Amino acid sequence: MNIFKTLKPLTRAVITTLMCSLPLLGVSSVHASAASTPLKSAPLKVTLSPSDPTWQLAINNKLLGPTEVLIEPTERGFARQVQPLLQAGNYSEVAALFKGRDISQDSTALNLLRAQVLLSTKDFNNAELAYLACLKASPDLVKAHQGLSLLYMQQAKYDKAQTHLVHSIELGQADAQSYAQLAYIHVQHSQPWSAVAAYRQALMLAPQTAQYQQGLLFALIESGDLSQANALLKELLNKTPDKAELWLQRAQIALQLDQKKQALAAIEVALKLNPKDASNQLLAAQLHLTEGSTERAVSLLKQGLKHATKQQQVEVINTTMQTLGWLVSQQKWDLAKDLIGSAKRLTKQLPRDEQAQFSVYNAQIAMQQGNTKRALKSLNNALKINPNLGDALLSLASIYRSKGQLTQAKLMYVRAQALPDYQLSAWLGLSQIAIDSKDYPSALKQLRKALQANPQRQDLITNIRALENIVRQEG
């Protein structure tokens, strides 16, 4: 009796100390312990793309007047037939009339018109054939090179487009649009400095063209010339403060300067201008998380889950999963529950392992609410998908231990200790079960393994010494 009177408070002390050293057990934690930052991901970046350009194609609607190439006298009747249609912009009707003509029998002038009309109706294959027929007859025909460059750009064949564009500039077609097209191609080739030079040439010829100004801004940001980009951006925002794209570019500059608060302010303005943009919502949510505005971040993620396109859903749900893990680790249960409710409908799009992890988060929320039945169901579902899911094994062990089902709890810990990332938690859990069962030598064995593998955990030494004292007294 005297021995037990001496041991009892000491045992309680060991249990209390051990429980404090088990951060991964119980309903209040997950394996991914609380980090200093919520999301472990690549540096935040605004997804910018050059504005969708609008290129003008000049269609020759004056076939009967003097032009670079002339129609044959035998083609004048056809020219008079299509002239009013061209002037009225009825290009599809003109295209239909060309179907009745043999391309090999038509003049270069008529084939150039054919190519221009077919390009305007997006019949790219036949337009290309017509342009190539023109160049075969007249290799330095500027309008054919210019038309082919536009055609290839619309098909994202930028190398081919560049070849014809450069040739047309060399032949004298050095107008603002040609330089802007060349700049756009440089952007697509990830050559921002070349793009900057070409956009500046375009702006020398057409200084008030907003499309070229925004293209230059994009290229400056991509090139890292943030001082020049900032100066241009201020000018553009003064002219058009309601353009969401400009605020996103301001955010990107701020991010590159590591000015997260300024970036967040700019993105919030962009969201007010375009409130249903899931990409902006996602980025704003990530920034709010890093800045500590958790409630706003969850609200934005819920909106992102609602508004995401099919292409955006994977990115939004992945960020949601990271956020859920962080919310659970921080014991922000109400927010985690709120977010999990919004994400459920999209979880089928996750890989199966991620679906299993989602079930674990659901279970951990249920555990916190005291709903053991739902937690067990979710955890068992998770382990059906991934039998080696450490978070599920540890959470199940915690439930079984709280219910006094130590054999089942021990089995979960034994399975978890086979997983390198979960060994420490498993050893500590097995040690705690051994203490609950008053098997102090086994508890000591588990703690020694834990300390040997994790010598930085000096807090374990106190527990080990206490258990050693107990074992000696019992021996």
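Keep in mind it's a predicted model, so treat the numbers as computed, not measured.

The UniProt record annotates "repeat: TPR" (unreviewed entry) at residues 176–209, 244–277, 356–389 and 424–457. Within residues 244–277, the helical portion is 79% and the strand portion 0%, while the C-alpha atoms at the span's ends are 10 Å from each other. Taken as a whole, residues 356–389 contains 79% helix and 0% strand, while its terminal C-alpha atoms sit 8 Å from one another.

What follows covers the nonpolar core. Residues Y131, Y199, Y212 and L217 are the most contacted members of the largest nonpolar core, which totals 107 residues. Membership of the second largest hydrophobic core comes to 27 residues, among which are A397, Y400, M412 and Y413.

Attention now goes to the pattern of salt bridges. In this structure the tally under the stated criterion is 10 salt bridges. Put simply, R114 and D106 hold a salt bridge, and the shortest N to O gap is 2.6 Å. For the pair formed by R114 and D106, the shared burial category is buried. Linking K260 and D258 is a salt bridge whose minimum nitrogen-to-oxygen distance equals 2.9 Å. Exposure remark for K260: the relative accessible area of 28% places this residue in the partly exposed category. You can call D258 exposed: its relative accessible area is 55%. Residues joined by salt bridges that share partners form a network here, namely R101, D106 and R114.

Counting through the fold element by element, E128 comes out in helix α5 (residues 124–137). The contact partners of E128, leaving out residues within four places of it in the chain, are L148, L151, Y152 and K160.

A few words now on the environment of T347. Tracing the backbone shows T347 in the loop between α17 (333–343) and α18 (352–368). Separated by 11 residues in sequence, T347 and F358 have C-alpha atoms that sit 7.7 Å apart. In terms of polar contacts, T347 uses its side chain to reach the backbone carbonyl oxygen of K344, at 2.8 Å.

Further remarks concern the confidence of the model for the chain. Low-confidence regions, as indicated by low pLDDT, have predicted coordinates that should not be scrutinised in detail. Mean pLDDT over the chain: 82, with 85% of residues reaching 70 or higher. Of all the helices and strands in the chain, helix α1 (residues 2–20) carries the lowest mean pLDDT, 30, while helix α21 (residues 406–416) carries the highest, 94. Segment residues 1–37 is flagged for pLDDT under 50; beyond a separation of four residues in sequence, or across chains, it makes 74 contacts in the model.

It is worth spelling out the packing of aromatic side chains at this point. If you walk through the whole model with that rule in mind, you get 2 aromatic pairs. With 5.1 Å between their ring centres and 65 degrees between their planes, F78 and F98 make a pair best called edge-to-face. Of this pair, F78 sits in helix α2 (residues 76–88) while F98 sits in helix α3 (residues 91–98), and the two are 20 residues apart along the sequence. Residues F78 and F98 agree in their burial class; the two are buried. Positioned over the ring face of F78 is R101, at 4.5 Å from the centre of the ring.

Moving on, we get to the environment of R250. On the secondary structure map, R250 appears in helix α12 (residues 244–256). For R250, the residues in contact, after removing those within four places along its chain, are L233, K234, L237 and A266.

Moving on to the environment of R296. Topologically, R296 is positioned in helix α15 (residues 294–307). Taking relative accessible area as the criterion, R296 reaches 31% and is therefore assigned partly exposed. Once the C-alpha coordinates of R296 and A285 are considered, the two residues, 11 residues apart in sequence, prove to be 7.1 Å apart. With sequence-adjacent residues up to four places away left out, R296 is seen in contact with E268, L271, H288 and Q303.

Let us look at helix α16 (residues 310–329). Here α16 spans 29 Å end to end across 20 residues, near enough to the 28 Å set by a 1.5 Å rise per residue. Across the 20 residues of α16, 14 count as buried, placing the element largely inside the fold. Q331, located one to two residues past α16, shows a positive phi value of around 60 degrees.

What follows deals with helix α20 (residues 390–402). The end-to-end C-alpha distance of α20 is 18 Å, a good match for the 18 Å that 13 residues give at a rise of 1.5 Å each. The buried fraction of α20 amounts to 11 of the 13 residues, a majority that puts the element mostly inside the structure. Taken residue by residue, α20 has G390, D391, A392, L393, L394, S395, L396, A397, S398, I399 and Y400 as its buried positions. Turning to α20, the residues buried within the fold contact α18, α19 (372–385), α21 and α22 (423–436). Looking one or two places after α20, you find G404, whose phi comes out positive at around 80 degrees.

Geometrically, a packed helix pair is captured by the angle between its two axes and the distance between the axes. Interaxial distance between helix α4 (residues 108–120) and helix α6 (residues 142–154) falls to 11 Å at its minimum, and their mutual angle equals 20 degrees. Compared by their axis directions, α4 and α6 come out roughly parallel. The handedness of the crossing between α4 and α6 is left-handed. Residues L112, Q116 and L119 of α4 form the contact with α6, whose own contacting residues are K143, A144, G147, L150, L151 and Q154.

Right, let's get into unusual backbone geometry. Positive phi values are uncommon outside glycine, yet K122 reaches one of about 65 degrees. Structurally, K122 is set in the loop between α4 and α5. With a phi angle near 60 degrees, D258 is a residue other than glycine that sits in the positive phi range. Mapped onto the elements, D258 comes out in the loop between α12 and α13 (260–273).

Cut-off values and rules
- The residue numbering used here restarts from 1 in each chain and proceeds along that chain's sequence as written.
- In view of the model being predicted, local features appear only for residues whose pLDDT reaches at least 70, and side-chain atom pairs are presented and counted only at 80 or more, with totals across whole chains, interfaces and linings using the full set of residues.
- Excluded from the side-chain calculations are hydrogens and water; all other atoms, namely the structure's heavy atoms, are used.
- UniProt positions are given in the numbering used here, feature names are shortened, and annotations may be inferred rather than shown by experiment.
- The numbering of helices and of strands both runs from the N terminus, where a helix is a DSSP run of H or I of at least 4 residues and a strand a run of E of at least 2.
- Here, nonpolar core means buried Ala, Val, Leu, Ile, Met, Phe, Trp, Tyr and Cys residues that are tied together by side-chain atoms lying within 4.5 Å of each other.
- Type-normalised accessible area, obtained with a 1.4 Å probe on protein chains alone, sets the label of each residue: buried when under 20%, exposed when over 50%, and partly exposed for intermediate values.
- When a carboxyl oxygen of Asp or Glu is within 4 Å of a side-chain nitrogen of Lys or Arg, the pair counts as a salt bridge.
- Whether two residues are in contact is decided by their heavy atoms: any pair within 4.5 Å suffices.
- By the criterion applied in these results, polar contacts are pairs of N or O atoms within 3.5 Å in which, for protein atoms, one can donate a hydrogen and the other can accept it, and in which residues neighboring in sequence qualify only through two side-chain atoms.
- In predicted models, pLDDT denotes the confidence assigned by the predictor to each residue on a 0 to 100 scale.
- Classification of ring pairs rests on two measures: the distance between centres of Phe, Tyr or Trp rings, Trp counted by its six-membered ring, which must be within 6.5 Å, and the angle between planes, read as stacked under 30 degrees, edge-to-face over 60 and tilted in between.
- Only when the NZ atom of a Lys or the CZ atom of an Arg is both within 6 Å of the ring centre and within 35 degrees of the ring normal do we say a charge sits over the ring.
- To estimate how far a helix should extend, the number of its residues minus one is multiplied by 1.5 Å.
- Only the stretch in contact is used when fitting a helix axis, every axis being a line fitted to C-alpha atoms; angles between N-to-C directions are given from 0 to 180 degrees.
- For classification purposes, an angle smaller than 35 degrees is called roughly parallel, one larger than 145 roughly antiparallel, one from 65 to 115 roughly perpendicular, and anything else oblique.
- Note on convention: near helix rotated counterclockwise from far helix by under a right angle means a left-handed crossing. Clockwise means right-handed.

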